[in-house]
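Architecture and fold: a report
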Amino acid sequence: MRIDLHTHSAVSDGTDAPADLIAAAAAAGLDVVALTDHDTFDGLAEAAGAARRLGIGFVPGMEMSARRDGASVHLLAYGADPAHPALAAELARIRSGRADRVGPVLERLAALGVRLTREQVEAQAGGASAIGRPHIADALVAAGYVADRTEAFDRWLRDGGPAHVDRYATELARAIDLVHDAGGRAVLAHPWARESRTALPPEVITALVAEHGLDGLEADHHDHDEEARAELHALAARLGIVATGSSDHHGTGKIDHDLGSCTTSPAAYRRLFGGEGSAAEAPVQPV
Ligand code: AMP
Ligand code: ZN
Ligand code: FE
Ligand code: FE
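A quick note: this is a predicted structure, and the numbers were derived from the prediction, not measured. (Residues numbered from 1 in each chain as written. Chains lettered and ligands numbered in written order. Predicted model: local features only at pLDDT ≥ 70, side-chain atom pairs only at ≥ 80, totals over all residues. Heavy atoms only, no water.)

**Regarding the overall build of the protein**
- When you go through the protein residue by residue, the secondary structure sums to 10 helices and 8 strands.
- Taken against the 2.2 N^0.38 rule, which gives 19 Å for 287 residues, the C-alpha radius of gyration of the protein at 18 Å falls within 12% of a compact globule.
- Its C-alpha atoms give the protein principal-axis dimensions of about 55 × 45 × 40 Å.
- The buried share of the protein, reckoned over its 287 residues, is 53%.
- For the protein, restricting intrachain contacts to residue pairs at least 6 apart in sequence, the fraction spanning at least 24 positions comes to 70%.
- Per element, the accessible surface of the protein, about 11700 Å² overall, is 49% carbon and sulfur. (Helix = DSSP H or I, 4+ residues; strand = E, 2+ residues; numbered from the N terminus. Rg over C-alpha atoms; globule rule 2.2 N^0.38 Å. Buried < 20%, exposed > 50% of the residue type's maximum accessible area, 1.4 Å probe, protein only. Contact = heavy atoms within 4.5 Å. Areas by Shrake-Rupley, 256 points an atom, 1.4 Å probe, with all protein chains shown as cover.)

**Regarding the packing of helix α5 (residues 133-142) against helix α6 (residues 149-157)**
- Between α5 and α6, whose axes approach to 9 Å, the crossing angle comes to 105°. One finds that α5 runs roughly perpendicular with respect to α6. For the pair formed by α5 and α6, the contact residues are Arg133, Pro134, Ile136, Ala137, Asp138, Leu140 and Val141 on the first element and Arg149, Ala152, Phe153, Trp156 and Leu157 on the second.
- Split into classes, the residues belonging to the contact of α5 with α6 amount to 9 nonpolar, no polar and 3 charged. (Axes fitted to C-alpha atoms, helices over the stretch in contact; angles between N-to-C directions. Parallel < 35°, antiparallel > 145°, perpendicular 65-115°, else oblique. Nonpolar A, V, L, I, M, F, W, Y, C, P; charged D, E, K, R; others polar.)

**Focus on the site of ligand 1**
- Looking at ligand 1, there are 15 residues lining it, with His38, Arg98, Arg101, Arg133 and His250 nearest.
- Separating an oxygen atom of ligand 1 from a side-chain N or O atom of arginine 98 is a distance of 3.0 Å.
- A distance of 2.9 Å is found between an oxygen atom of ligand 1 and a side-chain nitrogen or oxygen belonging to histidine 250.
- Coverage of ligand 1 by the protein chains reaches 83% of its 500 Å² of free accessible surface.
- Those elements giving two or more residues to the shell around ligand 1 turn out to be α3 (85-111), α5 and α6.
- Top element by residues in the shell around ligand 1 is α6. It accounts for 3 residues. (Near = heavy atom within 4 Å. Polar contact = N/O pair within 3.5 Å; in protein donor to acceptor, adjacent residues only side chain to side chain.)

**As for the coordination of the zinc ion (ligand 2)**
- Ligation of the zinc ion (ligand 2) by protein atoms is provided by Asp13 (OD), Asp13 (OD), His38 (NE2) and His250 (NE2), these donors lying 2.0 to 2.5 Å from the ion.
- In this model, the zinc ion (ligand 2) sits 5.8 Å from the iron ion (ligand 3). Of this pair, aspartate 13 sits in the loop between β1 (3-4) and α1 (18-27) while histidine 38 is found in the loop between β2 (32-35) and α2 (44-54), placing the two residues 25 residues apart along the sequence. For the pair formed by aspartate 13 and histidine 38, the shared burial category is buried. (Donors = N, O, S within 2.8 Å, 3.2 Å for Na, K, Ca; no water.)

**Comments concerning the coordination of the iron ion (ligand 3)**
- Summarising the metal site, the iron ion (ligand 3) is bound by the protein donors Glu63 (OE), His74 (ND1) and His190 (NE2), whose distances to it range over 2.1 to 2.2 Å.
- Summarised as a motif, the one-chain spacing of the donors to the iron ion (ligand 3) is E-x10-H-x115-H.
- Classification of histidine 190 as buried rests on a relative accessible area of 4%.

**So, the side chain of serine 12**
- If you trace the backbone, serine 12 turns up in the loop between β1 and α1.
- On the basis of relative accessible area, serine 12 is assigned to the buried category, the value being 1%.
- Within the local environment of serine 12, its side chain forms a polar contact with the backbone nitrogen of histidine 38, the two atoms lying 3.3 Å apart.
- In this view, serine 12 contacts Asp37, His38, Ala128, Ala130 and His135; residues no more than four positions away in its chain are not counted.

**Let's talk about the nonpolar core**
- Core analysis: the largest hydrophobic core is formed by 49 residues, its most contacted members being Met64, Leu75, Leu214 and Leu217.
- The residues contacting methionine 64, other than those within four sequence positions of it, are Asp39, Val73, His74, Leu75, Leu87, Glu90, Leu91, Ile94, Thr170, Ala175, Leu178 and Val179. (Core = buried A, V, L, I, M, F, W, Y, C linked by side-chain atoms within 4.5 Å.)

**So, the pattern of salt bridges**
- Across all of its chains, the model carries 8 salt bridges by this definition.
- With its nearest N and O atoms 2.8 Å apart, the salt bridge here joins aspartate 159 to arginine 133. Within this pair, whereas aspartate 159 is found in the loop between α6 and β5 (170-171), its partner arginine 133 is found in helix α5, the two being separated by 26 residues in sequence.
- A relative accessible area of 38% places aspartate 159 in the partly exposed class.
- For arginine 133, a relative accessible area of 17% gives the class buried. (Salt bridge = Lys/Arg side-chain N within 4 Å of Asp/Glu carboxyl O.)

**A look at the confidence of the model for the protein**
- Averaged over all residues, the pLDDT of the protein is 95; the fraction at 70 or higher stands at 95%.
- Low confidence marks residues 276-283, where pLDDT is under 50. Its contacts with residues over four positions away, or in another chain, come to 14 contacts. (pLDDT = per-residue confidence, 0-100.)

Structure (structure tokens):
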């Protein structure tokens, strides 16, 4: 069983349409894939249909923008009800913050002599529900300023970079509660990646488990070195929560994140979705 629980489609900042992403997952030999677009559920229906047709297991997910101690952190939600009013309202607020940030980023770029219009960014976003820095990066590529997304982030868009502008995100503890209220499982995405490591030391993760019932953490991820992965596996075991592994695939938008390049063990998958020790139904189509 090969299981990948973190991928993005063009509904946020991936490059494949949801159905194409599922087809690519099947072609890559995955047995189960989750779609976890940033701050939106909009790709799930299309992806679920494609998964049914192709006979691949599908987990409906979402990656929520959160904040802890002022730092940007990401929370993976699995099986949450897209119609839950409080969660839907919060995601709408986050998406508004995404859209509102584009103008100020373009102003900063202009001040640096890099001229780009909102229309150029929107052309790259192609109607995505969640507009993000990668779309600005794509517009910079299309305009010939940089060779790829990575160069755009390195030069201007990275956290703290010369054209970086903060945006609204939900306090992490509240995000976990909202996901649970909507019937979902809450898993910290890449907790020890550069931008979130200092905000999420072991004692903070321990408190999130004790006080908010955090369900798991993503241990195997490209942004974690071997040492961080081992420490996170040990921490999850100590806390009795699930350790996952996933590619965080973005189509051609991120190198080294091929589908299935990091995976979740079948045992972890069963624990997360209602195997031993949980009465809840797995939010998953039969494989
Ligand atoms: P935003 O959601 O607008 O805050 O932008 C952050 C997103 O940009 C992350 O979730 C990644 O998908 C993407 N990203 C961050 N760093 C890079 C990079 N160096 N190259 C390509 N994409 C990146
Ligand atoms: Zn992304
Ligand atoms: Fe993320
Ligand atoms: Fe992601």
